[in-house]
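# A look at the structure
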Amino acid sequence: MLEQIRKVAQQIPHSTLETVSAFIAEISQVANSETVWRPLLQQMPKPIWREALADLIAIWYEDSPTLQGESIATALLSAYHCIKGSQEDLSIEVVWTGPEVSRIPVRRTEQVLLQLIRSSVRELTLISFAVYKVPTLTKALIAALDRGVQIRIIAETTEDNFAPFGVKAGLGKEIAARADIYEWDKAKRMRDKKGRHGSLHMKVAIADRQHLFITSANLTNYALSLNMEMGLLVHSSALSSQVAEHLDQLIQQEILSRIKTQ
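Residues numbered from 1 in each chain as written. Predicted model: local features only at pLDDT ≥ 70, side-chain atom pairs only at ≥ 80, totals over all residues. Heavy atoms only, no water.

### Points about empty space enclosed by the protein
Stated precisely, the cut-off is as follows: Using only the protein atoms, space was sampled on a 1 Å grid; points where a 1.4 Å probe fits but cannot get out form cavities, open sets with protein on both sides within 12 Å along at least five of seven lines form pockets, and lining residues are those with an atom within 4 Å of a point. Grid points are joined across faces, edges and corners, and a volume is the space filled by probe spheres set on the points. Each helix corresponds to a stretch of at least 4 residues labelled H or I by DSSP, and each strand to a stretch of at least 2 residues labelled E; elements are numbered beginning at the N terminus. Basically, the charged four are Asp, Glu, Lys and Arg, the nonpolar ten are Ala, Val, Leu, Ile, Met, Phe, Trp, Tyr, Cys and Pro, and anything else, Gly included, counts as polar.
One pass over the structure, following the stated rule, counts one cavity of 30 Å³ or more. The wall of the largest cavity is formed by Leu 113, Leu 126, Ile 127, Lys 203, Val 204, Ala 205, Phe 213, Thr 215, Ala 217 and Leu 219. Looking at the lining of the largest cavity, the elements that each hand over two or more residues are strand S2 (123–128), strand S6 (204–207) and strand S7 (211–215). Partitioning the lining of the largest cavity into residue classes produces eight nonpolar, one polar and one charged.

### What to know about the pairing of strand S5 (residues 180–184)
What counts, and what does not: Each residue gets one of three labels from its accessible area relative to the maximum for its type: buried under 20%, exposed over 50%, partly exposed in between, using a 1.4 Å probe on protein chains only. Two strands pair if DSSP finds at least two bridges between them.
Counting buried positions along S5 yields five of five residues, so the element is predominantly enclosed. Of the two faces of S5, the one holding Asp 180, Tyr 182 and Trp 184 and the one holding Ile 181 and Glu 183 are both buried throughout. The pairing of strand S4 (residues 150–155) with S5 spans three bridges and is parallel. Across the sheet, residue Ile 154 finds its bridge partner in S5, namely Tyr 182. Sheet topology places S5 next to strand S10 (residues 256–258); three bridges connect them, and they run antiparallel. Looking at S10, one finds that Tyr 182 is bridged to Arg 258.

### Quick notes on the packing of helix H6 (residues 109–119) against helix H7 (residues 135–146)
Geometrically, a packed helix pair is captured by the angle between its two axes and the distance between the axes. Counted only if it meets this: Lines fitted to the C-alpha atoms define the axes, with helices restricted to the stretch that makes contact. Angles between their N-to-C directions range from 0 to 180 degrees. Orientation categories follow fixed angle ranges, with anything under 35 degrees roughly parallel, anything over 145 roughly antiparallel, 65 to 115 roughly perpendicular, and all other angles oblique. Should the near helix be turned anticlockwise from the far one by less than a right angle, the crossing is left-handed, and should it be turned clockwise, the crossing is right-handed. By definition, residues are in contact when any of their heavy atoms lie within 4.5 Å.
Packing of H6 against H7 brings their axes to within 9 Å, and their N-to-C directions diverge by 10°. When the axis of H6 is compared with that of H7, the two are roughly parallel. Our pair here, H6 against H7, has a crossing hand that is left-handed. Counting all contacts with H6, which are made through Glu 110, Leu 113, Leu 114, Ile 117 and Arg 118, the residues of H7 involved are Thr 136, Leu 137, Ala 140, Leu 141 and Ala 144. When the residues that make up the contact of H6 with H7 are grouped by side-chain class, the tally is seven nonpolar, one polar and two charged.

### Describing the packing of helix H1 (residues 2–11) against helix H4 (residues 47–63)
Across the interface, H1 lies against H4 with an axial gap of 9 Å and an inter-helix angle of 155°. Relative to H4, H1 is oriented roughly antiparallel. For the crossing formed where H1 meets H4, the hand is left-handed. Of H4, the residues touching H1 (which contributes Gln 4, Ile 5, Val 8 and Gln 11) are Ile 48, Trp 49, Ala 52, Leu 53, Asp 55, Leu 56 and Ile 59. Residues that form the contact of H1 with H4 fall into these classes: eight nonpolar, two polar and one charged.

### Some remarks on the side chain of Asp 208
Our working rule: Only four residue types enter the charge count, namely Lys and Arg as positive and Asp and Glu as negative; His and the chain termini do not. What counts as a salt bridge is simple: a side-chain nitrogen of Lys or Arg found within 4 Å of a carboxyl oxygen of Asp or Glu.
You can see Asp 208 is positioned in the loop between S6 and S7. For Asp 208, which is buried and forms no salt bridge, the nearest opposite charge comes from Arg 122, at a distance of 4.4 Å. Setting aside its immediate chain neighbours within four residues, Asp 208 contacts Ser 119, Ser 120, Val 121, Arg 122 and Glu 123.

### A short note on the nonpolar core
Applied cut-off: Grouping buried Ala, Val, Leu, Ile, Met, Phe, Trp, Tyr and Cys residues that are joined through side-chain atoms within 4.5 Å yields what is termed a nonpolar core.
Counting residues in hydrophobic clusters, the biggest one holds 33 residues, and the most contacted among them are Ile 151 and Ile 153. When residues of this core are traced back to their parent elements, those giving at least two are H6, S2, H7, S4, helix H8 (167–171), helix H9 (173–178), S6 and helix H10 (221–226). In this structure, Leu 17, Val 20, Ile 24 and Val 30 belong to the second largest nonpolar core, which totals 23 residues.

Spelled out as structure tokens, the structure:
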């Protein structure tokens, strides 16, 4: 019943759903009668709406025949407002670096990273496999540090030629000295039968646990200007906090280890 109520509230627009709810609220006892429901179903211009509503009526009749229409109407409107609120709390943008070949509105990777850095107030997390000389990001990161933003950077280690460009070489000595720098402890990595370990391959940015940027792009000039890269910018405190808290746990369990770069 609850699942079907959610489906109806998700599929039928608010103005039509209000009509549906007003009709249902007047029903004191559900009836399995086409005559009773035909006037309501005929007001549904789309077959998918009629089908969803008909399924709800059938479930209501079979599972909860003593439930009054006013309760169903209230549940429908409540479900709609919950769905609407959830949609407003979550929005996603496509982020793209590469040839502009369509009219689909997208934002460039470097622009999004700069926006996240410049708008951050409390904390900023950057994760990248490779880090190499992006002056615009360096400048923005220093400005963020100056205004009190706590910055942590998680990058692949420079050992074994995994990532030849580390934080100090890539973003400068000042950022390496002032930000919190972490790497994935080699002793904590999974290994295959030949002893080869995995690499830190994520490319993620989190600003104030409100905005989450997941991208294919490393923090390199090539990735931000020349490569073909794609990502998603997620505006959601719930998802952003979930990822940030996961990283917190990795740090607390010393799977991600803080390193000295001075």
